[in-house]
Amino acid sequence: MIESVFKQLEPEDSCPAHLKTEIISEIDLIRNALQVVELFAGDFFGVLSVLANSQEDA
């Protein structure tokens, strides 16, 4: 049987444990930063939409 071409692309090396924890911590940092940005940006655009609607009513 012919082996899959994708099997040849897979490396045999493994990632060190300390590198895995550093990558996971960086991902968590990015996720937390995006949540903060989403919180402030969402409030900002919410206020803008309320102001735009109040200007139309006036």
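Residues numbered from 1 in each chain as written. Predicted model: local features only at pLDDT ≥ 70, side-chain atom pairs only at ≥ 80, totals over all residues. Heavy atoms only, no water.

(A) Main features of the overall build of the protein. Per the secondary structure count, the protein includes two helices and zero strands. Over its C-alpha trace the protein gives a radius of gyration of 24 Å, far above what one expects of a compact globule, namely 10 Å for 58 residues. Projected onto its principal axes, the C-alpha positions of the protein cover 75 × 35 × 10 Å. Residues classed as buried in the protein amount to 0% of the 58 residues present. (Helix = DSSP H or I, 4+ residues; strand = E, 2+ residues; numbered from the N terminus. Rg over C-alpha atoms; globule rule 2.2 N^0.38 Å. Buried < 20%, exposed > 50% of the residue type's maximum accessible area, 1.4 Å probe, protein only.)

(B) The arrangement of the pattern of salt bridges in detail. In total, this model carries one salt bridge according to the counting rule given. For Asp 28, the salt bridge goes to Arg 31, with nearest N and O atoms at 2.8 Å. Of this pair, Asp 28 and Arg 31 both sit in helix H2 (residues 17-57), three residues apart, which is roughly one turn of that helix. Note on Asp 28: relative accessible area 31%, which makes it partly exposed. Judged by its relative accessible area of 44%, Arg 31 falls in the partly exposed class. (Salt bridge = Lys/Arg side-chain N within 4 Å of Asp/Glu carboxyl O.)

Scope: geometric values only; no functional claims are made or implied.
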